[in-house]
Amino acid sequence: MTNAHGHATRALTGDPAASLGLMAGWRRRALTFGAVFTILAIVLVVLAEVMEHDKFLHLLTSWLMGAMLCWGFSLGGLALLMVQYCSGGKWGLLIRRPLEAMSRTLWVSALMFLPILIFMKKIYLWARYSNPTDVAQALERGLIDKAQAHALNWKHPMLSPASVWVQIVICFVIWFGYMFLMNRWSLQRDADPQPNVPFWQKRFENISGFGIVVYSLTLTALVIDLVMSTNITWFSTMYGLAYLVAQGYAVLALSVITVVSLSKAEPMKTILRTTEQHDLGKLMFAFVMLNIYLNFSQFLIIWSGNSPEEISWYLDRIRGHWGVIFTFDFIFHWLIPFSLLLSRDIKRNKRRIVMVGMWMVFARCWDMFLLIEPNFSPRNLHFSIGILEYIAVPGAMISFWVVAYIGQLGKRPLVQTNDPHLAEILEAEHAHA
Amino acid sequence: MATRDLSTNDPMLDPITGEVVVIAPGHSFKSVTEKISRIVLTAHTPVGWFFGLLVAGGVVMLLLTCLTWLFLKGVGIWGLDIPVGWGFAIVNFVWWIGIGHAGTLISAILLLFKQTWRNSINRFAEAMTIFAVVCAGMFPLIHVGRPWLGYWLFPYPNSMSVWPQFRSPLLWDVFAVSTYATISVVFWYIGMIPDLGTLRDRAKTPVGQYFFGLLALGWRGSVRHWMRYETASLLLAGLATPLVLSVHTVISFDFAVAIIPGWHTTIFPPYFVAGAVYSGFAMVITLAIPIRKFYHLEDLITIRHLDNMGKVMLTTGLIVAYGYGMELFMSWYSASHWEYFAFWNRLFGPMGWSYWVLITCNIALPQFLWSRYVRTHVGLMFIMSIIVNTGMWFERFVIVVTSLYRDYLPSSWGTYRATRWDYGTFIGTLGLFTFLFFLFIRFLPMIPMSELRVLLPQSKVKHLPEAAHEAGD
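Every value quoted in this text rests on a predicted model; they were computed, and no experiment measured them.

**A look at the overall build of chain A**
Secondary structure summary: chain A contains 19 helices and 0 strands in total. Its C-alpha atoms give chain A a radius of gyration of 23 Å, within 12% of the compact-globule value 22 Å for 433 residues. Each principal axis of the C-alpha atoms in chain A carries an extent, and together these give about 80 × 45 × 40 Å. Burial analysis of chain A (433 residues in total) assigns 59% to the buried set.

As structure tokens, then:
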């Protein structure tokens, strides 16, 4: 068979329902993991309360970690969806439906943020001392130092409970709007009996181009509010951008895991060619490099400047046992995926690239732990039951998020049939590709 | 422009992407080769070329005059004084290095991303990179005061026990820029070999045959040659890609590792890189538009190229805008008096005008690039490229000068005023750049013929029966 360009083609044959069977299995597994982690989390929380009088601090901070990770997949999925519409290319067709499914789990992330917002006084200094009188009293009682008091008063217009609520609500309204339109138009494009390629292309480009700008700004605002502000005095202009890239790092890894795992059955079995899998592997490599580039640059500049306002953030992560976590973060986040993804064979091998993808998701979780917990236990990391909650709570949250994600993924055909790149992907692979 | 009126049957539109096609229809392998090689091999040099070379050469004379006076009198002829010890020389250095980035991005990163539209513009963008690096490299050399001792910048064993400071980003600059220049030249030259072979074969004069033959390194166009050529290109692209990031990152460290408010900020590395690509693409457009008009290359450097370059400029411009925004926001969020003052001074101080020029040129006006009409309008794109180049020069001016002239102690505050020698040297490098570029477009193929042929429909791999049918079997 040949296509309009005279190229040999393959056809989408086989039973697409086979993918649903695969997904049902994953969903069951995720539910089981979720249940196990939930039981473990409950046990750990109770033990931490009884034995360590934790006052639910670790539950809330580990919940913050889980919420940020799940939100990262939801919003990052939406962002990468917009990026692939703007950049074009065949790889976009492969991961589009997984990205759409991720974006449709935004409501799960929104729900996960509720406990953080409700119990924000337990986590954030700015919520605990939300007016100058409280700040002055806390300073008098030695609960905060002068630098913290100054920062709390100075940043009050942005970092106060009411202001943060408003910011987060606005951000989610915007993201829900984009999510709704992107997903709706995608279905409409599928249903278009005579698809006008330039029209749909421009339509998605137009919404996505501006959407990426909006995403960058709103993401920066949210991560400053919820993560960076866990250390009230620290600041870094790179933070939002570094967070954005790290989010892309994890989302891309999850997309590759999904697509390659789905290629055991139709239709992914036909449309995932080794060439495009290799391209996705190269894109993962690019994200690995970009991620270390931003993080290392931030580290080098702050380390060289060595000013007390900034260096404390790194000292809190290097001193004592935190140094081990910090070193492993470098190894997990960069060295291992970098070394593995250099290999052409690994990028073209289905089983191995899935393993690398899983490793990258794990590395992102590790990194998130390093971003959050040292702000609550600076100077040294002490083993405690509370610390173990960082495994159980995010584990449970991510498992249930995966259940929602797989559920959304199964709701739509895995391939967008009206995308003109489909014809290219269905061409036989050339030896030089 | 999401409209239903976009036609799917327009021959200028790609049916896959809906974009304007990369090369206008109607070309064959032969026509592409003839059109490009004729510019180099013709015996009739256009009068306009001579005129342009003459004007550029005149400006080079200005540069030579400024440099001669500088060597006679020293850097005191410039506007440098306490507290602004870095002035035009560093501003120009960073600006020129940034200009060069587009060449490497187009030749390396866009190659790895399989962006075939780059094929029409990569050669002269690479040439632009090299000439920009020549202009950039000159400034640190003349800034050291005694350029004949410039080799002290390199770490070499010597009897004086003079050893550079390895912790200084200025030394990292030496390595970064020299590596960048080397890779850029090698990439440019290797990419040109197939075309040099074509010119050798088509040259009518013995001199042309000899020189192009010498430069073609025995290229025969065999399958083995092509295979090695492709492998070398990919390897060089892989090597050059980190360089796109590293060079301007290292340059950003020149400022960011210091603790001066306005310099010490972590966003500098990515924002410098984005800014470099931004200005580099602006310069590619500044050069491409007159060239395509003068040599009637509108069918090879099409509206699609302008459109895509406009999109790259818009994207990088927005990253730069994000950088400005974060700097400004963090100057408040930091709760640091010094940071806050540095930016207040940048916006509303005696030199605040330069900041607003920068914002107007780099952020406000380029927002017109959201419009497809602007991106595909030749005249407007040319104006836009000049605006962005101006804005990017002012960005470096703002960073260097407005951060230095009012630092921590009001008693040490001062001002900065460039002299005629500062302006003369900068304008002179513009002349040098243009002069070299004129020589390049006359004596070497400015558009890669071999890579352009790949874009033609005839070069697509066909299914065997179809190809046999076309061949008349």
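What follows continues from the structure just given.
**Some words on the overall build of chain B**
Scanning chain B from terminus to terminus reveals 16 helices and 0 strands. The globule rule puts the C-alpha radius of gyration for 473 residues at 23 Å, and the 24 Å found for chain B is close to it. Seen through its C-alpha atoms, chain B measures out along the principal axes to roughly 90 × 60 × 40 Å. Here chain B, with 473 residues, has 56% of them falling under the buried criterion. Considering only contacts in chain B between residues 6 or more positions apart, those separated by 24 or more positions represent 81%. For chain B, the computed accessible surface area is about 20,400 Å², with 70% contributed by carbon and sulfur atoms. Charge centroids of chain B, computed over 31 positive and 24 negative side chains, lie 5 Å from each other.

**Here we look at the pattern of salt bridges**
One pass over the full model with this rule turns up 19 salt bridges over all chains. The shortest N-O distance in the salt bridge between Arg 396 of chain B and Glu 395 of chain B comes to 3.6 Å. For the pair Arg 396 of chain B and Glu 395 of chain B, a shared accessibility class is recorded, and that class is buried. Residues participating in the shared-partner salt-bridge network are Lys 202 and Glu 205 of chain A together with Asp 307, Lys 311, Arg 372 and Arg 375 of chain B.

**Focus on the packing of aromatic side chains**
Applying the stated criterion across every chain, the model contains 84 aromatic pairs over all chains. Measuring from centroid to centroid gives 6.4 Å for Phe 33 of chain A and Phe 37 of chain A, while their planes differ by 25°, and the two rings are stacked. Here Phe 37 of chain A and Phe 33 of chain A lie together in helix α1 (residues 17-52), a separation of 4 residues that amounts to about one turn. Take Phe 33 of chain A: its relative accessible area is 48%, and that puts it in the partly exposed class. With a centroid separation of 6.2 Å and an interplanar angle of 70°, the aromatic rings of Phe 394 of chain B and Phe 397 of chain B are classed as edge-to-face. Note that Phe 394 of chain B and Phe 397 of chain B are positioned in helix α13 (residues 378-404) at a spacing of 3 residues, about one turn of the helix. In this pair, the class of Phe 394 of chain B matches that of Phe 397 of chain B, namely buried. In this structure, Arg 203 of chain A is placed above the aromatic ring of Trp 185 of chain A, and the distance from its NZ or CZ to the ring centre is 4.0 Å.

**Description of the packing of helix α10 (residues 197-226) of chain A against helix α9 (residues 303-333) of chain B**
For the pair α10 of chain A and α9 of chain B, the least separation of the axes is 12 Å and the interaxial angle reads 20°. With respect to α9 of chain B, the axis of α10 of chain A lies roughly parallel. Viewed along their axes, α10 of chain A and α9 of chain B form a crossing whose handedness is right-handed. Contacts between α10 of chain A and α9 of chain B involve Lys 202, Glu 205, Val 213, Ser 216, Leu 217, Thr 220 and Ile 224 of chain A from the first element and Lys 311, Leu 318, Tyr 322, Met 326, Phe 329, Met 330 and Tyr 333 of chain B from the second. By residue class, the composition of the contact of α10 of chain A with α9 of chain B is 9 nonpolar, 2 polar and 3 charged.

**Some points on helix α14 (residues 308-318) of chain A**
All names here are of chain A. Residues Glu 310, Ile 311, Trp 313, Tyr 314, Asp 316 and Arg 317 constitute the buried set of α14. Where the residues of α14 are buried, they touch α11 (239-262), α13 (274-305), α15 (322-341) and α17 (350-372). Backbone geometry just downstream of α14 places Gly 320 in the positive-phi region, at approximately 60°.

**Concerning the nonpolar core**
Counting 289 residues, the largest nonpolar core has Met 68 and Trp 71 of chain A together with Trp 96 of chain B as its most contacted members. A per-element tally of this core places α11 of chain A first, with 17 residues. Dropping the residues within four chain positions of it, Trp 71 of chain A is found in contact with Gly 76, Ser 109, Phe 113, Phe 172, Trp 175, Leu 219, Leu 222, Val 223, Tyr 243 and Gln 247 of chain A.

**Topic: the confidence of the model for chain B**
Residue and element names in this part refer to chain B. Taken over all residues, the pLDDT of chain B has a mean of 89, while the share at 70 or more is 93%. Below pLDDT 50 for its whole length, residues 1-8 participates in 22 contacts with residues either more than four positions away or in separate chains. Predicted complex, confidence summary: ipTM 0.92, pTM 0.91.

**Some words on the state of the cysteines**
Counted under the stated rule, the structure contains 0 disulfides over all chains. No disulfide involves Cys 70 of chain A; its sulfur sits 8.8 Å from that of Cys 365 of chain A, the nearest cysteine. Owing to a relative accessible area of 0%, Cys 70 of chain A belongs among the buried residues under this scheme. In this structure Cys 66 of chain B is a free cysteine whose sulfur lies 14 Å from that of Cys 135 of chain B, the closest cysteine sulfur available.

**Points about the side chain of Arg 123 of chain B**
All names here are of chain B. Within the fold, Arg 123 resides in helix α4 (residues 122-143). Residue classification places Arg 123 among the buried residues on the basis of a relative accessible area of 1%. Side chain to side chain, Arg 123 and Asp 195 meet in a polar contact 3.2 Å long. Those residues in contact with Arg 123 that sit more than four places away from it in its chain are Trp 188, Gly 191, Met 192, Asp 195, Phe 440, Pro 445, Met 446, Ile 447 and Pro 448.

**A short note on unusual backbone geometry**
For residues besides glycine, phi is generally negative; the peptide bonds are generally trans as well. A cis amide bond links Glu 266 of chain A to the next residue, Pro 267 of chain A, at an omega of 5°. Here Pro 267 of chain A shows up in the loop between α11 and α12 (268-271). A cis amide bond links Ile 82 of chain B to the next residue, Pro 83 of chain B, at an omega of 10°. Along the chain, the position of Pro 83 of chain B falls in the loop between α2 (47-73) and α3 (88-112). One non-glycine residue, Ser 161 of chain B, lies in the positive phi region at around 55°. In this structure, Ser 161 of chain B sits in the loop between α4 and α5 (169-202).

**What to know about the environment of Ala 250 of chain A**
Residues and elements named next belong to chain A. As for its placement among the helices and strands, Ala 250 is situated in helix α11. Here Ala 250 falls in the buried class, since its relative accessible area comes to 3%. C-alpha of Ala 250 to C-alpha of Ala 24: the two residues are 226 residues apart in sequence and 23 Å apart in space. When near neighbours in sequence (up to four residues on either side) are disregarded, Ala 250 contacts Phe 73, Val 361 and Arg 364.

**Quick look at the side chain of Asp 419 of chain A**
Residues and elements named next belong to chain A. Take Asp 419: it is sitting in the loop between α18 (385-409) and α19 (421-425). Side chain to side chain, Asp 419 and Arg 96 meet in a polar contact 2.7 Å long. Setting aside chain neighbours within four positions, we find Asp 419 in contact with Leu 93, Arg 96 and Arg 189.

**Quick notes on a nonpolar patch on the surface**
Residues and elements named next belong to chain B. A cluster of nonpolar side chains, namely Leu 141, Val 144, Tyr 151, Trp 152, Leu 153, Phe 154, Met 160, Val 162, Trp 163, Phe 166 and Phe 175, defines an oily patch on the protein surface of about 980 Å² accessible area. For Phe 175, the position within the fold is in helix α5. We classify Phe 175 as partly exposed; its relative accessible area is 32%.

**Some remarks on the environment of Leu 196 of chain B**
Residue and element names in this part refer to chain B. For Leu 196, the position within the fold is in helix α5. The spacing of Leu 196 and Leu 217 is 21 residues in sequence and 8.8 Å in space, taken between C-alpha atoms. Setting aside residues up to four positions removed in sequence, Leu 196 forms contacts with Tyr 189, Phe 212, Leu 215, Ala 216 and Leu 444.

**Remarks on the packing of α4 of chain B against helix α14 (residues 420-443) of chain B**
Geometrically, a packed helix pair is captured by the angle between its two axes and the distance between the axes. All names here are of chain B. Running from N to C, α4 and α14 cross one another at 145°; their axes reach a closest spacing of 10 Å. In the packing of α4 onto α14, the handedness of the crossing is right-handed. Across the interface between the two elements, Arg 123, Phe 124, Ala 127, Met 128, Phe 131, Ala 132, Val 134, Cys 135, Met 138, Phe 139 and Ile 142 from α4 touch Thr 425, Thr 429, Leu 432, Phe 433, Leu 436, Phe 437 and Phe 440 from α14.

**Observations concerning helix α8 (residues 146-154) of chain A**
Residue and element names in this part refer to chain A. Within α8 the residues assigned to the buried category are Ala 149, Ala 151 and Leu 152. Along α8, the residues classed as buried sweep out an arc of 165° about the axis, all on the same side. Its side-chain oxygen at 3.2 Å from the backbone nitrogen of Ala 147, Asp 145 defines the N-terminal cap of α8.

Calculation rules
- Residues numbered from 1 in each chain as written.
- Chains lettered and ligands numbered in written order.
- Predicted model: local features only at pLDDT ≥ 70, side-chain atom pairs only at ≥ 80, totals over all residues.
- Heavy atoms only, no water.
- Helix = DSSP H or I, 4+ residues; strand = E, 2+ residues; numbered from the N terminus.
- Rg over C-alpha atoms; globule rule 2.2 N^0.38 Å.
- Buried < 20%, exposed > 50% of the residue type's maximum accessible area, 1.4 Å probe, protein only.
- Contact = heavy atoms within 4.5 Å.
- Areas by Shrake-Rupley, 256 points an atom, 1.4 Å probe, with all protein chains shown as cover.
- Lys, Arg positive; Asp, Glu negative; His and termini not counted.
- Charge placed at Lys NZ, Arg CZ, Asp CG, Glu CD.
- Salt bridge = Lys/Arg side-chain N within 4 Å of Asp/Glu carboxyl O.
- Phe/Tyr/Trp six-rings, centres within 6.5 Å; stacked < 30°, edge-to-face > 60°.
- Lys NZ or Arg CZ within 6 Å of the ring centre and 35° of its normal.
- Axes fitted to C-alpha atoms, helices over the stretch in contact; angles between N-to-C directions.
- Parallel < 35°, antiparallel > 145°, perpendicular 65-115°, else oblique.
- Left-handed = near helix turned anticlockwise from the far one by under 90°.
- Nonpolar A, V, L, I, M, F, W, Y, C, P; charged D, E, K, R; others polar.
- Core = buried A, V, L, I, M, F, W, Y, C linked by side-chain atoms within 4.5 Å.
- pLDDT = per-residue confidence, 0-100.
- Disulfide = S-S within 2.5 Å.
- Polar contact = N/O pair within 3.5 Å; in protein donor to acceptor, adjacent residues only side chain to side chain.
- Patch = residues over 30% accessible without salt bridge, like charges linked within 9 Å, V, L, I, M, F, W, Y side chains within 5 Å.
- Arc of directions from axis to C-beta.

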